[in-house]
Amino acid sequence: MHGIFPESWSDLTPSQLIAIAHVQDQSLDDFEFLHQVTGISSSILKKLAQYQLWELSQGFEWVQDIKPHNKFIIPEINVGDARFYAPLDKLKKFQFGRFIFADSCFSDYQESKSEDDLNRFIAAMYLPGGMEFSDELLEINTPLMAEVPLHVKEGIVLNYFLVKQWLSDVYPLVFQPSTHEEKPGKTPRRNDNGWIKIFEQIVGDDIINSDRYASLPLHNVLRFLSDRIKQNMKKH
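The sections below set out a description of the structure shown in this document.

Parameters at a glance
- Residues numbered from 1 in each chain as written.
- Predicted model: local features only at pLDDT ≥ 70, side-chain atom pairs only at ≥ 80, totals over all residues.
- Heavy atoms only, no water.
- Pairing = 2+ DSSP bridges.
- Helix = DSSP H or I, 4+ residues; strand = E, 2+ residues; numbered from the N terminus.
- Axes fitted to C-alpha atoms, helices over the stretch in contact; angles between N-to-C directions.
- Parallel < 35°, antiparallel > 145°, perpendicular 65-115°, else oblique.
- Left-handed = near helix turned anticlockwise from the far one by under 90°.
- Contact = heavy atoms within 4.5 Å.
- Core = buried A, V, L, I, M, F, W, Y, C linked by side-chain atoms within 4.5 Å.
- Buried < 20%, exposed > 50% of the residue type's maximum accessible area, 1.4 Å probe, protein only.
- Phe/Tyr/Trp six-rings, centres within 6.5 Å; stacked < 30°, edge-to-face > 60°.
- Expected span 1.5 Å × (residues − 1).

It is worth spelling out the sheet that holds strand β2 (residues 82–85) at this point. As summarised here, the arrangement of the three strands in space is β1-β2-β3, forming an open sheet in which the pairing is antiparallel. In this open sheet, the two strands that pair with only one neighbour each are β1 (76–79) and β3 (127–128). Bridge count for β1 against β2 is four bridges, and the pairing is antiparallel. Paired with N78 across the two strands is R83, which belongs to β2.

Laid out in structure tokens, this is it:
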């Protein structure tokens, strides 16, 4: 009996990530889960003793622990002839305004479990090649995300939990404390549009240039916010 046994989030293939998301929402039985993550045929798995199945499943206990991961494991999704691509590793070149929108949709979905919120989140994270994030593009692409299988979108949601954990570790002063408390399947506390308030504070009276602020690279803004928090801490 031969199979593939990933040992961490960084070892996962797209199909393995999707299987883990499936089993976490209890929509996949143990046999099918082990088949999808190891490649061992279901017929062989069903011949194994309970203890042997238990031993196999123990190799995946690590999936219960959300660890920082800065890469989107599902690199692209297809809708008909259209292809949509994940953000770059470490969210390089990811715009601050795009992050505000995507993260708000993510929080909305965690609370509502509405597929409309989920589709908006996916449309904000996955863009056609060479296209820039914009309100107009979102209006076009959000309905298309309804055609993406739900289990694929749930895999992306799980992946985003890992990415947010990574952001939380890199910028602990900005992402505290609720990000660490979020778990897949658990409804997070709402942040009362915290990102919108932060954006308004950054823009200040320079409203005419608000689009320019929204287009700033995410990491530039997060470093700025971290520095400002440190300065305020020193004052107190």
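Next, the rest of the story.
In this section: the packing of helix α5 (residues 96–112) against helix α10 (residues 194–203). Between two packed helices, the angle of one axis relative to the other and the distance separating the axes together describe the packing. One way to put it is that α5 packs onto α10 with a least axis distance of 10 Å and a crossing angle of 160°. With respect to α10, the axis of α5 lies roughly antiparallel. The interaxial crossing formed by α5 with α10 has left-handed handedness. Facing F96, F99, I100 and D103 of α5, the residues of α10 in contact are W195, I196, I198, F199 and I202.

It is characteristic of soluble globular proteins that their nonpolar side chains tend to be buried jointly. By size, the foremost hydrophobic cluster in this structure holds 71 residues, and its most contacted members are W9, I20, I77, F121, Y126, W195 and L222. Residue contributions to this core peak at 10 residues, all from helix α8 (residues 150–170). What Y126 contacts, discounting residues up to four positions off in sequence, is F72, I74, P75, E76, I77, F84, Y85, A86, R98 and I156.

Further remarks concern the packing of aromatic side chains. Going through the model one piece at a time under the given rule, you end up with 10 aromatic pairs. Ring plane angle 80° and centroid distance 6.1 Å describe the contact between F96 and W195, whose orientation is recorded as edge-to-face. Here F96, found in helix α5, pairs with W195, found in helix α10; they are 99 residues apart in sequence, far enough to count as distant. F96 sits in the buried class, given a relative accessible area of 1%. Measuring from ring centre to ring centre gives 5.5 Å for F106 and F121, while their planes differ by 50°; the resulting arrangement is tilted. Residue F106 is located in helix α5, and its partner F121 is located in helix α6 (residues 115–125); the two are separated by 15 residues in the primary sequence. Taking relative accessible area as the criterion, F106 reaches 1% and is therefore assigned buried. Classification of F121 as buried rests on a relative accessible area of 1%. Joined through ring pairs, the aromatic side chains of F96, F99, F175 and W195 make up one cluster.

What follows concerns α5. Taking 1.5 Å per residue, 17 residues should reach 24 Å; α5 reaches 24 Å between its end C-alpha atoms and fits that length. Counting buried residues along α5, 12 of its 17 residues qualify, which places the element largely inside the surrounding structure. When α5 is considered as a whole, its buried residues turn out to be F96, G97, R98, F99, I100, A102, D103, C105, F106, S107, Y109 and Q110. Summarising the contacts, the buried residues of α5 are in contact with α6, β3, α8, α10, α11 (210–214) and α12 (218–235).

When you line up the elements, W166 lands in helix α8. When its relative accessible area of 14% is taken as the criterion, W166 is described as buried. Along the backbone, W166 and I66 are 100 residues apart, and their C-alpha atoms lie at a distance of 9.9 Å. Apart from residues lying up to four places away in sequence, W166 is in contact with P68, H69, N70, K90 and H219.

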